[in-house]
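Fold and contact review
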Amino acid sequence: MATLEKIRSKSVLLFVIIIVALLAFILGDFLTSGRTYFGSGTTVAEAAGAQVDYTAYQNRLSQLSEQYQAQGRQFDNDRMSQNVIQELLVEQLLEKEYDRLGITVTDAELTTAMTGDMPHPAAARFISALSQQLGLPAPSGTAVYDAMANPAKYGLTPEIGNQIKSAWAATEADVEAALKNEKFNRLVAGLFTANKLDARSIYDDGANSRSIAYTTKSLSAASDVDVTDDDIRAAWQQAKESYRLGEENRAVEYVLVSIEPSQADRLAGQKEVEDALLALNSQPGTDGVSASTRFLVNRVEVPASQITDRSLKAFADTAAAGTAAILSHVNDKYTIAKLIDKHNDIDSIQVSYLMAQTPEMLDSALAAVRGGASMASLSDGSTLQGIDSTWTSLGGGFPESLAARLTNATVGEAFIFTDSIQGQSAAGIYRVERRHAPVPFYDLAVIEYTIDPSNETIAQLSGDLNTFLAANSSADDFSAHAAENGYTAVPAMVSASTPLVGNVADSRGAVKWAMDARKGQVSPSFQDNKQTYLMAVAVKDIYDGDYLPHTAAPVNPALRQQALAKKRGEALVERYAGKASDIAGYAAAMESKVDTVSVVFSQAMIPGIGFNESAIQGAVAGAEKGAVVGPVAGNNAVIVFQVLDAKTEGRPYNFEEYAARFNQALGINHFTPMSLLLGKEKIENHSLNFVQSAVQQ
């Protein structure tokens, strides 16, 4: 009892301690993850006042997924999700710009776009499809609108009228958005249109060329010159806006372990295939593999002419009935074929037929056919459908009962055939016009077997990776010791808008982990849903400022090279300046040779010198004929040159033509809608709050 009294007397203190500990845990998670503990509600993403709601996001994602599935197209749901977020943000940001700029669509404009003689492209397909269904002689938005308002006039039910009304409203909204966007694009395009100087510059660059004699010295000759952090920062400063961050980014490294069969798995799989082959050759049909779900059997009966696979055709033509053989072994997939039976049969016939809605209609139709009427002439477009003299195959999925009747029918004699095919009543008149001679038919089984990694192999791969992670729990150790453990640490950048880590399929959950982790933290082992790989991620750095810094791993090496080239070029220019008075003298001083080349200013490459040598091209353009110019520092070497000749060739100057070329090369098409609309604002992408964590092993 004394003990219970002591516990009761301390209960308030214990309660306070528990609450404080719980708050500490919550605040610790808040501070280390960099995310609000309470989430973002139903907002999936926001930027510059625009917000993407979860419902709108899900609806658009579902629509796109259904479209892709209906078209039989493959898609990555993670990529599609981020594309949808970008689209919805752009749409909302555009609406804000429309309001700010006063861009509207009048009722008259919308009416013309929907019901005019030339519907807007966003409405044309809708108008054309409904006009066809209404039986109109030509597409007419006015008639479709009338059918929506007066469905009975067109023999439509009120429900169909309401369906047209809903589709009309949706199409009208699409057309209005398209018209606004066209007005906005025309307005913005005007800001990126060539003036007379721009057009003339494009013309001159293409028409003018200069032939030069030159000698060079590679920048590697200044190998004693190195760069400082200040030099790298200066290179970064020159192109600072190129490194602007639209949202928080994280530099990560990841290791990827493919889940593949081991050598033991492959030997076991090979034995299973060999045992199956023996069983198939000694047992009837496909009984030899019926006990194992690892063997996928596809059995078909086809004429020889319909076998398109060369190896299968060769096997079927030469094998004895009951024989099985391995057709192919590619990577871990085996394909086995078994010829179950071989016989001769008619593969196709030329037939005329008339299908009737009810069997009662056939007697009078048969009399007409026997009286000389063609099947097609008896068609009425609804209750009777006839076709004359068409070739059809009797193999594959052709109904067996009808195939048997056509095979045995007298050529040229019309007959009535009624039956139930796949649960549907089928009634028709048939007449065999011609038959092909019997051809070889093959009853074939094509059997596929794939060697999969065993549970033991997966456990071994997972265990090895987890052992590595336990011994290397910091990002630095992860990088330093990956190679010696048989792994490759691959660098990547991720953000909340990144669909995947390093383009690895099904890795959005690993992106979520990386964006929640601390700098230097190493993840547990992740596995994709299809069990094709294991992955682990280490967070090397976090970039949450306005710009990616010059020290960032993704850009620092390139900046270092730029800074080094600049500094070495300056050193060599200083070393060789004034060393000679002609090209031959400079060639001797530089221990090089003299070459000649034609410099065309519209081309990015100078043959023999390199790509994007703008400093050299600029110096050549400004040099006088005969003058020795240099040394000039380029990207890879310093050059001394002399202009030998200047040529002007090409078509006469035309402002419209070369303004169009300028606009194509440097106009509005080189700016993304998001970059124009967002400016310096950042995207807050909360979609990771709606993503399930990756599968951890």
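Criteria and cut-off values
- Residues numbered from 1 in each chain as written.
- Predicted model: local features only at pLDDT ≥ 70, side-chain atom pairs only at ≥ 80, totals over all residues.
- Heavy atoms only, no water.
- Helix = DSSP H or I, 4+ residues; strand = E, 2+ residues; numbered from the N terminus.
- Rg over C-alpha atoms; globule rule 2.2 N^0.38 Å.
- Buried < 20%, exposed > 50% of the residue type's maximum accessible area, 1.4 Å probe, protein only.
- Contact = heavy atoms within 4.5 Å.
- Phe/Tyr/Trp six-rings, centres within 6.5 Å; stacked < 30°, edge-to-face > 60°.
- Lys NZ or Arg CZ within 6 Å of the ring centre and 35° of its normal.
- Pairing = 2+ DSSP bridges.
- Axes fitted to C-alpha atoms, helices over the stretch in contact; angles between N-to-C directions.
- Arc of directions from axis to C-beta.
- Core = buried A, V, L, I, M, F, W, Y, C linked by side-chain atoms within 4.5 Å.
- Polar contact = N/O pair within 3.5 Å; in protein donor to acceptor, adjacent residues only side chain to side chain.
- Parallel < 35°, antiparallel > 145°, perpendicular 65-115°, else oblique.
- Nonpolar A, V, L, I, M, F, W, Y, C, P; charged D, E, K, R; others polar.
- Salt bridge = Lys/Arg side-chain N within 4 Å of Asp/Glu carboxyl O.

Looking only at helices and strands, one finds 22 helices and 22 strands in the protein chain. Computed over the C-alpha atoms, the radius of gyration of the protein chain is 38 Å, more than 25% above the 26 Å expected from 2.2 N^0.38 for a compact globule of 697 residues. Expressed along its principal axes, the backbone C-alpha trace of the protein chain runs to roughly 105 × 105 × 65 Å. In the protein chain, which comprises 697 residues, the proportion classed as buried is 36%. Contacts in the protein chain between residues at least 24 apart in sequence constitute 70% of all its contacts with a sequence separation of at least 6.

Tallying each qualifying case throughout the model produces 16 aromatic pairs. Considering the side-chain rings of Trp 236 and Tyr 547, the 6.2 Å spacing of their centres and the 85° angle between planes classify their relative orientation as edge-to-face. Taken together, the residues Trp 236 in helix H10 (residues 229–238) and Tyr 547 in the loop between strand S15 (533–543) and helix H18 (556–576) connect sequence positions 311 residues apart. You can call Tyr 547 buried: its relative accessible area is 18%. Members of the aromatic cluster, connected to one another through ring pairs, are Tyr 353, Phe 415, Phe 417 and Tyr 430. It is Arg 73 that lies over the ring of Tyr 68; its NZ or CZ is 4.2 Å from the centre.

Bridging between strand S3 (residues 208–218) and strand S20 (residues 637–648) involves eleven bridges; their strand directions are antiparallel. Note on S20: the bridge partner recorded for Thr 216 is Ile 639. Here strand S19 (residues 628–633) pairs with S20 via four bridges, running antiparallel. If you follow Val 632 over to S20, its bridge partner there is Ile 639. In sequence, S19 turns back onto S20 through a hairpin of three residues.

Right, let's get into the sheet that holds S20. Judged by pairing direction, the sheet is antiparallel, and its four strands sit side by side in the order S16-S3-S20-S19 without closing on themselves. Each having just a single partner strand, strand S16 (595–600) and S19 make up the two edges of the open sheet. The average undirected angle you get between the axes of adjacent strands in this sheet is 35°. Sheet contacts for helix H9 (residues 196–207): S3, S16 and S20; angle to S3, the most-contacted strand, approximately 70°.

Another point: helix H5 (residues 107–115). Within H5 the residues assigned to the buried category are Leu 110, Ala 113 and Met 114. Buried residues in H5, looked at end-on, bunch into an arc of 90°, giving them a common side. The outward face of H5, more than 90 degrees from its buried face, is lined by the exposed residues Ala 108 and Thr 112. On the buried face of H5, the contacting elements are helix H6 (121–133), helix H7 (141–149) and helix H8 (158–189).

This part covers the nonpolar core. With 24 residues, the main nonpolar core has Tyr 57, Val 84, Leu 89, Phe 184 and Met 674 as its most contacted residues. For this core, the secondary structure elements donating two or more residues are strand S1 (43–47), strand S2 (50–53), helix H3 (54–70), helix H4 (77–101), H8 and helix H22 (673–678). Ranked by residue count, the leading element in this core is H4, at nine residues. The residues contacting Tyr 57, other than those within four sequence positions of it, are Val 44, Val 52, Ser 81, Val 84, Ile 85 and Leu 88. Counting residues in each nonpolar core, the second largest holds 19 residues, with Val 504, Ala 510, Trp 513 and Val 539 among its members.

Bringing helix H20 (residues 614–622) into the picture now. It helps to recall that an α-helix has 3.6 residues per turn; residues three or four apart then point in one direction. All buried positions along H20 are accounted for by Ile 616, Gln 617 and Val 620. Projected down its long axis, H20 shows its buried positions confined to an angular sector of 100°, all on one face. Exposed side chains of H20 directed beyond 90 degrees from the buried face belong to Ser 614 and Gly 622. Its buried side turned inward, H20 meets S3, S16, strand S17 (605–606), S19 and S20.

This next bit is on the side chain of Arg 431. Here Arg 431 is to be found in strand S11 (residues 424–435). For Arg 431, the side chain forms a polar contact with the side chain of Glu 433, separated by 2.9 Å. Setting aside chain neighbours within four positions, we find Arg 431 in contact with Gln 350, Val 351, Ser 352, Val 369, Met 375, Gly 412, Glu 413 and Ala 414.

When two helices pack together, their arrangement is given by the angle between the helix axes and by the axis-to-axis distance. Two elements in contact, H6 and H8, have axes whose closest approach is 8 Å; the angle formed by their N-to-C orientations is 155°. Overall, the two elements H6 and H8 adopt an arrangement that is roughly antiparallel. Here H6 contributes Ala 122, Ala 123, Phe 126, Ile 127 and Leu 130 to the contact with H8, which in turn contributes Ile 164, Ala 167, Trp 168, Thr 171, Val 175 and Ala 178. Among the residues making up the contact of H6 with H8, the classes are represented as ten nonpolar, one polar and no charged.

Using the criterion set out here, one finds 23 salt bridges in the structure. For Asp 275, the salt bridge is made with Lys 271, and the minimal N-O distance between the two is 2.9 Å. Of this pair, Asp 275 and Lys 271 both sit in helix H11 (residues 263–282), four residues apart, which is roughly one turn of the helix. Judged by its relative accessible area of 38%, Asp 275 is partly exposed. Overall, Lys 271 belongs to the partly exposed group, its relative accessible area being 49%. One salt-bridge network, held together by shared partners, links Arg 60, Glu 87 and Glu 91.

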